Each structure stands twice: as C-alpha cells, then as structure tokens.
Amino acid sequence: MRVTGTEVLALTPDEAWKRISDVETLGAALPSVQAVNVETADRFTAAFRPTTGLGSTPVRMTFTVTDRQAPGRLQVEGRGGATDSAVHVRCDLALAANGSGTEVSWAVDAQVLGVLRSLTQRVLPALVTDQVTDVLRAVRDGNGGAGAEPGADVGTGGIVPVEPGSAPPAAAPAAGAPQAEPPAADDGPLDPEHAERIAGAGANADEIADPERFKKGPGW
Amino acid sequence: MSAAEAAVQAPAQTWSGQSVQRVEDGRLLQGEGQFVDDVSMHRQGYVHFVRSPYAHARIVSVDVSRAEAMEGVYATLTGDECVEQCDPFFQIAPEPGGKLQEYPLAVGKVRYQGDAVAAVLAETRELARDAAERIEVEYEPLPAVVDAVAAADPRSAVLHDEVGTNQAWHGEFDFGDIDWAIEQADHVVRIDKLHFHRFSSTPLECFGAVVNWDRGTDSIEIRSNNQMPMFGSMMLSPTLRVGVNQLTWHSQDIGGAFGIKIVSYPQIGVLALLSRKARRPAKWTETRSEHMIASGHGNERTFLDIEVPVMADGTILGFRCRAYDDAGAYLHYEPLGAVIWSQVLTSVYRFKHVHVDYTQSFTNKCPTCPNRGYSRLQHMWMLERVVDTVAQQLGFDRVELRKQNFVQPDEYPYETPNGCVYDSGDLPLGLDKALAAIDVEGWKRKQAERRAEGSTKRIGIGMGSTLDSGTNNFGQARIVNPELPFSGNGEAAVAKLDLYGEVSLMLGTTPQGQSHETTAGQVVADVLGMDPSGIRVYAGFNKEHGAYVGFSGTYASQFAVTGIGAAIGAAEKLRDEIIRIAAFALQADEDEIELRDGMASVRSDAERAIPLIGIANLVYSNIAVLPPELADSVSLNCRHVYRPPFEVPDHETKTGQLTLTYASQIHAAVVEIDEETGQIEVLDYAAVDDCGTRINPQVVEGQVHGAVGHGLGAALHEALHYDEDGQLLQSTFWDYHPIQALDVPRLKTDHVESPSPFSTTGAKGMGEGGGAPLATICSAIQDALGPDALVTDTHNPAERVFRLLQGEADGTVEVTSR
C-alpha cells in the first residue's frame, strides 16, 4: 500500500535536512518509542508502539537509510514486526524550500503481514499518515520523541534489544561508537504536549516521574 | 418376543421421546463444567507457537537460542527437530496429494499465514509468549496462491515440492447420462459460476490440550477437546512412533466443535514432543486469533459451467458442473470432503443424470476441515441456487417446481443415482409447514403492496433445503483412495452395574453440547425399566473406559444412531445378565423376570423380587453362591459395539450406501432489503426439521436453533477473506462478526417425523442443518432483486447486495430452449 503526503516544517531547508537525515533524531521521533539503538550513521533499530486498529502494538524494526542525496532526498527502509506479524516500509522523503520553511513530500510503501494486516486493514493509510506526520513534527520540534515513553532509551550504541516483557535495558555502547549522551534535563522524559498539560494542573514532569508524589494525595 | 424383551414391560410412556431436562445443565450453568483450560497437571509448562506472518515463504533459519536463554523457558521445538523425532502424518489422499509430507511444525517452508514454525514451553503463558518473540525466523517470501481454480493452473507456484502440483485430488462423478439428458431437454439453463465462501464455526472454546509424555511408563496422557480422539490416535501414533496403547485421551466438557476440533492433532503432537523434551506436562490454550488464522476453516468451493437440463413440464433431469474445492495448505481430514458431498449427490431432488468434475486444490490458506454440514452444504447450496434459477429463468413457481422434483413420500427408501439410500421423509409436507409458519401468502400480499407503492424497501421470500446425512460409511474413503483399509462405521458403549447396584454408562463419544448424558440416559432407562436419574452416564470421553472403536467421536450427525445404538446394545446385554442372575436368585424362569423401578421381580409373584444391589452382590462379592456356569458367563460390565449395516462401496463406479440416515431441513424466510444501502433485515424465519423419531424434542429444538444461527451468520456476516498476499483479513472477532443472539430473528420451528427404518430407535442423526439458511437467504435475496440480478455467492452482506442492486454481476445465466 502506498500512502503519500506533505508537511511544511518551520525550519530552513538546511536545518530540516540536518535533522531528518540524522538517524538518531529519526529514531527518537518514532511514536511511543521505547528504545532506539543506532548501529551506524545509516542504520538503527527501534522498539516502539504505534497505534494500530485495536490499541497499540509493540513493534521492533530495523531502519536503514538506503538513499541519501543531500540536501533534498532521503529514502529509509524498515523491516521488522511484532508477534506473528511482519512490517516492511519504505519511505521516500523529498525536501524543498517553501517560503521561510521547508516542504517535505513523503511517500510510504507499507506492507503489513500477519495478524496486524487484519487489524490495520481499514486504517492503514490513516495510521501511516499520522505516524509520518508525528515523526516530522517531532523532528521539527527537535525534541527527539513524538511519543517517546517515559524511560525510553533513546541513544546510540550497539544493538540493545528490548526484550518482550521487560523494561528497555540501558544502551550498551559499541566499541568505537560515541558514548550515548544522557537526555538533556529540559527535554524531560515526557511528551512536551503532555508535560504542558500536566504543568497546567500544577505539576511538572519531574514531580510526575517521582512515584512518591502519588502517595501524597490530592493537591500535588 | 425373546425372554429378555418380554422381561421389560413396555411402560405406558417411554423416557425416549420426552423432553427430559438436560442433566448437563446443572454443572454448566453453575460454572462447574470442566473444559480443557480448567485442566492442569503438576509441574506443567505453557506452550506458545511461533506462527508465520507470510502465506508462502521458504524458512531460511530458525534461531531459538535467545528464547532458550530466558530463565523459566523449559524447551523449544522447531520443524527440524520434528523431522528427527517424527514421521510425517499419514495421508488419506492417494498420489499426488498423498505424497504430501506434513509434520507437527512447518519444515522447509511455511504455506499459510499462521503456519507454526516453532513452539516454546515455559513456566507461564506470558513467559512462553515473550520467549516466542525472541525466536528469530528468517523467511524468503514466495508467491502466494489464494484461489483454488488458479491453483490448479500448472503455472501457479507449487506449495508442496514433494507433491509437484497443487492438485490434491481429482475425480469425476458420472451417473446416468448427462449428455443424453442435455440433448433431450426442452431447456438447458447454464450458470457460469457459483461460489461458496469460506467461513468457520468459531466455537466458544478454542482448541486446547494438556499433554504429558511420562518418561517412566512411556505413555502419553492427552487431556484435550479433540472431538475424534481415535482418529487423532491414528494420526499421532505413527507420527510420534508410539503405539496407540501408549496414548490415553480424556475430555469432559467441550465448548462446541462443529467438526473443526477433529484436526487439533498436529498441535497435540507438538505438545507431546515438548513434554518429552522438557520432562514435564505441556499445556496450550489457543487464542482467538490463533483459532481464526490457524485452526481450520470450512471448505470454500467454486462451481463452474453448470448446465441443467429441464423438461417443459418442469422436470429437472440432472446437472453437470466443474467443482474446485479449496483445501488450504495441508490435508487435514481431507480429501474425504471430496467424496462426502456425494452422500447428497442430488440433495432432496430426484435428478437422474449427474456429472461432476471435482478438483481439490492446495492454496496458501489455513487448512480446511469438517465444519457443520461438511462438504455437503456447499453442494446442496449450489443445487438450491440451480432450482431457484431454473424457476426464475423459465417462469416456474418456485414452490411447485421444488415439490415436483422432490423425492416423493411414497418413494422411500429412495436410491440415488450413486447408490445412496434415502431412508424416509416427507419433503412436500416439510415445505408446506415452513411456508405456513411464515404465512407466505400474507408476505406475498405485503410484497405486492410495496411494489405498487414504489417502496425502496423490497421484500423477498426465500426457501431452501438440506439433507443431513448422518452416520458415515467410511468405506467411501476408498472412493478417494482405493488403498485405504476403511469401511463401515461403529460406536461402542459400556453399561455396568456397580457394587451397590448403581447403573453406569460409558460412551465412546465426545459431546460438545449435544446432550449425550441426557439422551443416552433416557434410552438406557427404557431398556432397564428404571428412571434416568438412576443412571450415571459418564461425562465426556475417556479412552481408558474401553468404550471406543476406530471412528469413535462426535461428528457427522451420528450420535442418535451410533451412540444411542451402542448405548441400547450395551444396556440390553446388561439387562440380559441381570435377568439371568435374577432368575437364579428368584428360582424362576428367565422369561418370568421383569425389571422395574430398580428391581428384578417375578412377573406373576410380586413377593419374589431382588434389588439391583442384590444382583451386584451376587456377582462382585458373593460369587461362590452362583453356579459356576453362570458365574463364568456374567460380568455386569457389558460392552457393545453398534455396527450400521454397511457394505463396502464400489470405488470404481463411486457408488454405494455412503451414509445411513437422512434427516431433512426445510427453511423459509422473509427479508427486507433497503435499496439505498443494500442492508438486509430478516423479517421472518421458519425451520422445519425431520430427524425421524425424536429422542428428546427439546434437544432437537436446540440443535435446530444453533444450526439456523450458524447458517444465518455465514449468509450475512461471517466470511474469511484472504488478500492477494494470502493474508487473512478476519483474524479477530472485530472483523469476523460471529453471529450473536441479536442477529438472529425469532425463529419459528416445526417438525415432520419420519422414523428411519435403518436405525435402532427410528431416529436420524441431526444438527448439521446449518446449510439451509445459506440457500434460504440467497433465495429470498434473489426474490427481492428479481431477474435483473443473479445471486451467485453464499455470502451476501449489505455491500454485495448493494452492488447487485447497482447491476454488478458476479456471474451470468443463459437459457437455451428447443
């Protein structure tokens, strides 16, 4: 199935290209990402939970940049899946200046197999559109995570598998690979929009992340 | 009258024939039934299967190392290990299909989405599932074949290299002289294509089993909901390289099966191998998605080039067609379906000339298997469409055309062109009753009024019929494979008088809601002259009771004949022994003894009586008082095998008595179709069943309701579609929409009672009338749409009806007249 769309980012073409072509930024921008492990400048593995027909489904995929033509064209292929399901995607991105921003035209060829094929049959175009849009907006915002889950391991290093039924382990740096940097304090573990909502209720991300806060009752 | 028969005075009213309350209901309604997931064994682990997301792919590698490294994982199993430890399942098919090599897990290739490539046994269900995700399988995708007709094309990708073709079985069924009939006919009606869609039964309880391969005794204990355990033994024993006497099977309550649970033997084989490897019991409870993608589906069948010769007076001489049956990826119980449809070769009609060119193909879909009305409902639906189409095209009244071509009441026993013998019936009466039940004349008036008003809500009146051929002659297997040493059928039961005079009955059947405990208790009570409440019918199946034969189980509408026949036979043997002992004890002749209310007494002297506990005492605990010749010839533990009077069919001519009894179902329905949306509403529905003498009318009624619901679901909601990649599009109930109570109209039921001359009680097997609603709803839709559209598919949801309303056609009909 082929799904296409466009998104205008409030970034200069150079800045947009810099972010989009960076696999670490791309990986961190995946929806509800639990872990990203960058193997090379063109390849990363991610565990994330995209919304599917019924709730969301944990998916593990390996993404490879298969074509990179700076500053305007990028092709990324992803292969992986979930239990009894397989997902193959190829995403072509074309960047062009649009006023003060950058228009990103995208086309995704998605093949979903297994039980997920059944679950997503009526909603796949919408799911692809939502997820590509979310990724691009997260890239635009530069926060590295459209839906990164609290505690998500977003970093570089060797492949760090996220095992089913277990919390994502810390990334293990591969020999020669740059040490993963801890997330910046102001990035926080939460989705920015979510953090903003919570902040409106008189809390902040750090407080939410502190389990002791929940024991203090109403008014926190 | 024998002494034994005379001993039991026929009560004024027998228990058989009464709507005795179901004895099963107490435990089931109070949540005290024991289903397979209720069974646990000490130290058991839980199994999760790794299933292919691809419909057709080469297995490049399977790496279980990361799963095995997890704490709590007891064992894994792959296809390669199966090859080392097993032999392929034996195949019913002759070559080429018979060359198929199937193991409990896929080897070398996966052939449908859901094909199991590996399995994990772990401490918990959740851990097993998580470990299964760690098993890495590399696939090399191959082209998928998803259409049975296309699969038969030699240019299609071949599923099984060892078979070399996708043709699982092919045969021609030629009776009478169809060429002559077509030459003689005043009209020939030609329909280019009819399609019977793929659906299933979706029992409330999915597959499941707990298996323990005890290394100490080298025996395999199987607690499962398999519905034909001795067939399972036939398949598993050679595959696992063990004797049948090393396999024990036990089931209690089964939450529906409908034929599908015959084919759980590959999964049970995997559990056995995992149990042996891990030295602990292995338990597996299928998930609903697994059930949808990988348990078993009903047969999809495409009929091409149908030709129907018709005389000017409406006599239909017969038919010719090509049939392509979709077996799916493996042959599970197939290709028996390739002959079973011919039990009802001409359905309820008197056609004399038939030619069917039948091909069964492998496709990259879930294997098919028996499913309520197995293989016959497809064929009979096609014939009902033929009759409706003939009526519409040639201007005959549908009711009168049916009645004219029905087998007539005075023609029974009626022999079909292929040698099957219809035992009894009154089809015209059944049709009259069905039409009267829906007040057909009233609906015709409303239909005319709507048409006159130009209403966009069209009314359609439909009717349809099926025959429920019960009690297979397994000799028909020789028609598909002359080398198979199968023939006849049978069932066993054991009746026992226990130490304190308790009466027990053990059956070889595997009830799944059919009320065997109740109905067997009724007939045994009549034999022994006692109340059914005094008889304990053991729940479920237990191989260790010894009450089984090769084809024991519950399937193919046969319990009322075989199971009841066995129960009565065993009870009669027990009665005979009781009478002999009582005659000795009471110093009377055997023909003076009568059994009544749990006592054996001398008919002419009520003072001379002995209770059953006394009879039991003499045999079990006081045997020295019996004369040796009597003591040596009684056991109070009486096994009987009921054997239907079958002969071996002629495999060359494909003729013979393929089944023993023929219950009939005649249904009528009224539907309303919204022209603007295609939405269908069933306004009225009636079902008339003739299953001969009814042992328990309320139980029969329940079966009729279930069958109607099943068929309505298939006609309007339930379908299993695969896309061009071989991906199942209904892997959950979210997409499948199984029939629910709210989808079923208030049913009107009636019955005709034509006792079978071939069965012990006059009863006929019943319960598989699920096909009648498919024909009936199609007939009603066709009536609403009129001659501008042709209903060519069994599955007619709103969108298909809408397309038909827009003039889109899936098939064509032509008429040639002299």
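Since the model is a prediction, treat every value here as computed from it, not as a measurement.

Cut-off values and rules
- Residues numbered from 1 in each chain as written.
- Chains lettered and ligands numbered in written order.
- Predicted model: local features only at pLDDT ≥ 70, side-chain atom pairs only at ≥ 80, totals over all residues.
- Heavy atoms only, no water.
- Salt bridge = Lys/Arg side-chain N within 4 Å of Asp/Glu carboxyl O.
- Pairing = 2+ DSSP bridges.
- Helix = DSSP H or I, 4+ residues; strand = E, 2+ residues; numbered from the N terminus.
- Contact = heavy atoms within 4.5 Å.
- Axes fitted to C-alpha atoms, helices over the stretch in contact; angles between N-to-C directions.
- Buried area = accessible area lost by both parts, 1.4 Å probe.
- Polar contact = N/O pair within 3.5 Å; in protein donor to acceptor, adjacent residues only side chain to side chain.
- Nonpolar A, V, L, I, M, F, W, Y, C, P; charged D, E, K, R; others polar.

(A) Representation of the pattern of salt bridges in the model. Residue and element names in this part refer to chain B. Counted under the stated rule, the structure contains 52 salt bridges over all chains. The partner of arginine 803 in a salt bridge is glutamate 808, and the shortest N-O contact between them spans 3.6 Å. A single salt-bridge network, built from bridges that share partners, covers Asp793, Arg800, Arg803, Glu808 and Asp810.

(B) Representation of the sheet that holds strand 11 (residues 247-251) of chain B. Residues and elements named next belong to chain B. The eight strands lie next to each other as 3-5-1-12-9-10-11-22, forming an open sheet whose pairing is mixed. The sheet is open, and its two edges are formed by strand 3 (73-78) and strand 22 (541-542), each paired on a single side. Of the pairings in the sheet, the one linking strand 11 to strand 22 comprises two bridges and is antiparallel in character. In the sheet register, serine 251 faces strand 22, and the bridge partner there is phenylalanine 541. Most of the contacts of helix 8 (residues 229-240) go to strand 11, to which it runs at about 150°, and overall it touches strand 9 (208-214), strand 10 (219-224), strand 11 and strand 22. Packed onto the sheet, helix 9 (residues 265-278) meets strand 1 (45-51), strand 3, strand 5 (116-122), strand 9, strand 10, strand 11 and strand 12 (282-285) and runs at close to 40° relative to strand 9.

(C) Examining the interface of chain B and chain A more closely. Facing 23 residues of chain B, the contacting portion of chain A comprises 23 residues. Both faces considered, chain B and chain A share a buried interface measuring about 1900 Å² in area, 49% of it formed by carbon and sulfur atoms. At the junction of chain B and chain A, the tally comes to two salt bridges. Where B:Asp735 meets A:Arg122, a salt bridge forms, and the shortest distance between an N and an O atom there is 2.5 Å. On inspection of chain B and its partner chain A, the count reaches 13 residue pairs in polar contact (both at pLDDT 80 or more). Listed by contribution, the elements that provide at least two residues to the side of chain B that touches chain A are strand 1, helix 5 (125-134), helix 10 (288-294) and helix 22 (733-736) of chain B. It is strand 1 of chain B that provides the largest number of residues to the side of chain B that touches chain A, a total of four residues. Partitioning the side of chain B that touches chain A into residue classes produces eight nonpolar, seven polar and eight charged.

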